Amino acid sequence: MEDTAKLYEDLERVLVRREEITAAVKELGKRITADYQGKEPVVVGILKGAVVFYSDLIRELDLPMYTDFMSVSSYGAGTESTGELRIRMDLTNGIKGRDVIIVEDIVDTGLTLFNLKKHLAGRGATSIKIATLLDKPARRRVELEADYSCFTIPDAFVVGYGLDYNEKYRNLPDIGVLSPRIYQK
Ligand code: IMP
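Note that this is a predicted model, so its numbers are computed, not measured.

**Let's talk about the site of the ligand**
Next, step 1: In the vicinity of the ligand there are 18 residues, among which Asp105, Thr109, Gly110, Thr112 and Val158 approach most closely.
Next, step 2: Take aspartate 105: an N or O atom from its side chain is 2.8 Å from an oxygen atom of the ligand.
Next, step 3: A distance of 2.6 Å separates a nitrogen atom of the ligand from a polar backbone atom of valine 158.
Next, step 4: Compared with its free state, where it exposes 490 Å², the ligand has 91% of that area covered by protein.
Next, step 5: Among the secondary structure elements, those contributing two or more residues to the shell around the ligand are strand 3 (66-75), strand 5 (99-107) and helix 4 (111-121).
Next, step 6: In terms of residues, the shell around the ligand owes the most to one element, strand 5, which gives 4 residues.

**Remarks on helix 3 (residues 51-58)**
In an α-helix there are 3.6 residues to a turn, and that puts residues three or four apart on one side.
Next, step 1: Taken together, the buried positions of helix 3 are Phe53, Tyr54 and Leu57. The buried residues of helix 3 occupy an angular sector of 100° when the element is viewed end-on, so they sit on one face.

The rules behind each value
- Residues numbered from 1 in each chain as written.
- Predicted model: local features only at pLDDT ≥ 70, side-chain atom pairs only at ≥ 80, totals over all residues.
- Heavy atoms only, no water.
- Near = heavy atom within 4 Å.
- Polar contact = N/O pair within 3.5 Å; in protein donor to acceptor, adjacent residues only side chain to side chain.
- Areas by Shrake-Rupley, 256 points an atom, 1.4 Å probe, with all protein chains shown as cover.
- Helix = DSSP H or I, 4+ residues; strand = E, 2+ residues; numbered from the N terminus.
- Buried < 20%, exposed > 50% of the residue type's maximum accessible area, 1.4 Å probe, protein only.
- Arc of directions from axis to C-beta.

Listed below in structure tokens is the structure:
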């Protein structure tokens, strides 16, 4: 069994430390709370990458809110996006007339959220906003800007705090750049 110290050996470097994440999520929670006064948003977590961020973020929202989840992807098992939206698991409830906040781990090419936002708008949501933990603007292929973002990061493949490489490293409390030797194997 590998312990997490071993997992850290697969990182080139730690990019965002857990203390910085905690502070940024708290700050974001305050902003969203202020922006949604008098509303009861449906906060949609995108599985699986956003689960850690999602669970921390909703506890910083001082608002009545509803939880729901979706599993969508434009990614296979590698590090390059295919650009196709695939809905693996849909929302439990309708969003017609609701204010929706999509919570995502990272905006990379932007294709997943671009397609998802368009798709959810078609279901009659009153508003749809995007809250992302990480933003990698260097790789954007479509015009998509997150309404809320915690960290802008360079063009590197990162793992931890929910983000994976082949389902591994999600449990790391910090965010790190994965050593290329891991995916070049
Ligand atoms: P996009 O459609 O290219 O914006 O891809 C978004 C999805 O790709 C994210 O939800 C992640 O699951 C995955 N992804 C993009 N960059 C990374 C990364 O650096 N590490 C882990 N997953 C990533």
